[in-house]
Amino acid sequence: MTPFPFDAVLFDCDGVLVDSEPITNRVLAEMLGELGWHLTTEESMNTFTGKAVKDEAALIESKTGVRITEDWLKAFRARRNEALERDLVAIAHAPAAIREIHARLRGRIACASGADRHKVELQLAKVGLLECFEGRIFSGHEMPRSKPYPDVYLAAAEALGVDPKRCAVVEDTVTGAMAGVAAGATVFGYSTGESGHSGPEALRSVGALQVFSDMRELPALLASHGLQPA
């Protein structure tokens, strides 16, 4: 078996491990409609995917004239979590790919998400992947800055004791890919052509080295990539 070319692999969660964006944005569109900003689920996805809702408070307030308080955000998270508990499924073929990479790297993988920790842990548990990431989950809500800044990926690499430049990052949005590139990692973009995922050209334009559309491809893509010596 040839040496694996990365010391660790860092995964985004929403849109990479779990198919959560349609569910989250359905709830968000409903709640924004209650404030007077009427969006379809797809319009909400185009506006908010890859971003933390709390970081978009100024945009929401400009469209609705309503101040976005912590109580409103708590209500959104509660309704979102209820829907995720009921409807969430894994990204196709992601669980098998994750377990293969986890075994190959002897557990040196992490989940680095822009979402709040409770959501990430709820989702990973729902699709049976929590055991692969337990103790190695990092939330942008707990960092000084959210994606597209690199803070959450830098924190994950530091906790794993690896150089970010020796990490692969798997992302599906321009915002997340920018964070991985800013951290110095090699970014692999997951893009299916479906709403909620950034397109291949958009991902490449911000520095994603390779773009793929089937999670079954990921272990081989990672294993065959040759990093240049630092």
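An unreviewed UniProt entry annotates the chain as HAD family phosphatase of Variovorax beijingensis. In UniProt, the chain has this text filed under Cofactor (unreviewed entry): "Mg(2+)". Of the comments in the UniProt record for the chain, the one headed Sequence similarities (unreviewed entry) reads "Belongs to the HAD-like hydrolase superfamily. CbbY/CbbZ/Gph/YieH family."

Chemist: Would you explain the environment of aspartate 116 in this entry?
Modeler: Looking at the secondary structure, you find aspartate 116 in the loop between strand 2 (109–113) and helix 6 (117–126). The spatial distance from the C-alpha of aspartate 116 to the C-alpha of proline 144 is 13 Å, given a sequence separation of 28 residues. Side-chain polar atoms of aspartate 116 contact the backbone nitrogen of lysine 119, separated by 3.1 Å.

Chemist: Is there a simple way to think about the sheet that holds strand 1 (residues 8–11) in this case?
Modeler: Hydrogen bonds between backbone groups are what pair the strands of a sheet, and the pairing can be parallel or antiparallel. One open sheet holds the six strands; their spatial order is 3-2-1-4-5-6, and the pairing between them is parallel. Each end of this open sheet is capped by a strand with a single partner; those strands are strand 3 (137–139) and strand 6 (210–212). With direction set aside, neighbouring strand axes in the sheet form an average angle of 25 degrees. Bridge analysis of strand 4 (residues 167–171) against strand 5 (residues 186–190) gives four bridges, and the strand direction is parallel. When the sheet's bridge partners are listed, valine 169 is paired in strand 5 with valine 187.

Chemist: Got a minute to help me understand helix 4 (residues 70–87) in this structure?
Modeler: Each α-helix turn comprises 3.6 residues. Residues three or four places apart therefore point the same way. Its 18 residues place the ends of helix 4 25 Å apart at the C-alpha level, agreeing with the 26 Å of an ideal helix rising 1.5 Å per residue. Listed as buried for helix 4 are Trp72, Leu73, Phe76, Arg77, Arg80, Asn81, Ala83 and Leu84. Buried residues of helix 4, seen end-on, are gathered within an arc of 165 degrees and therefore sit on one face of the element. Exposed residues lying more than 90 degrees from the buried face of helix 4 are Asp71, Glu82 and Arg86. Those residues of helix 4 hidden inside the fold are in contact with helix 1 (21–35) and helix 6.

Chemist: Explain the environment of leucine 221 here, please?
Modeler: Assignment of secondary structure puts leucine 221 in helix 11 (residues 218–224). By relative accessible area, which is 18% here, leucine 221 ends up buried. Excluding residues that lie within four positions of it along the chain, leucine 221 makes contacts with Phe188, Gln210 and Phe212.

Chemist: How should I be thinking about the side chain of arginine 77 in this particular structure?
Modeler: Locating arginine 77 in the fold gives a position in helix 4. Other than its neighbours up to four places away in sequence, arginine 77 contacts Lys54, Glu70, Asp116 and His141.

Chemist: Where do I start with the pattern of salt bridges in this structure?
Modeler: Pairs may arise between side chains of opposite charge once their charged atoms sit close together. Applying the stated criterion across every chain, the model contains 16 salt bridges. A salt bridge links glutamate 34 to arginine 79, with the nearest nitrogen and oxygen atoms 3.1 Å apart. Taken together, the residues span a long stretch of sequence, with glutamate 34 in helix 1 and arginine 79 in helix 4 at a distance of 45 residues. Judged by its relative accessible area of 54%, glutamate 34 falls in the exposed class. You can call arginine 79 partly exposed: its relative accessible area is 31%. Between arginine 77 and glutamate 70 there is a salt bridge; the shortest N-O distance is 3.1 Å. Connected through shared salt-bridge partners, Asp12, Lys147 and Glu171 make up one network.

What counts, and where the lines are drawn
- Each chain has its residues counted from 1, running along the sequence as written.
- Local features in this predicted model are restricted to residues whose pLDDT is 70 or higher, and side-chain atom pairs enter the listing and the counts only when it is 80 or higher, whereas totals over whole chains, interfaces and linings include all residues.
- As a convention, hydrogens and water are excluded, and side-chain values are obtained from all of the structure's heavy atoms.
- UniProt positions are given in the numbering used here, feature names are shortened, and annotations may be inferred rather than shown by experiment.
- Strands here mean DSSP runs of E at least two residues long; helices mean DSSP runs of H or I at least four residues long; both are numbered from the N terminus.
- Here a polar contact is recorded for every N or O atom pair within 3.5 Å, except that within protein the pair must consist of a potential hydrogen donor and a potential acceptor, and residues adjacent in sequence are included only if both atoms are side-chain atoms.
- One bridge is not enough; two strands pair if DSSP finds at least two bridges between them.
- Here the axes come from fitting lines to C-alpha atoms, over the contacting stretch only for helices, and the angles between their N-to-C directions go from 0 to 180 degrees.
- To estimate how far a helix should extend, the number of its residues minus one is multiplied by 1.5 Å.
- When accessible area is computed with a 1.4 Å probe and restricted to protein chains, residues below 20% of their type maximum are described as buried, those above 50% as exposed, and intermediate ones as partly exposed.
- Arc definition: it is the arc formed by the directions from the helix axis to the C-beta atoms.
- We call two residues contacting when some pair of their heavy atoms lies within 4.5 Å.
- Salt bridge, as used here, is a side-chain nitrogen of Lys or Arg placed within 4 Å of a carboxyl oxygen of Asp or Glu.

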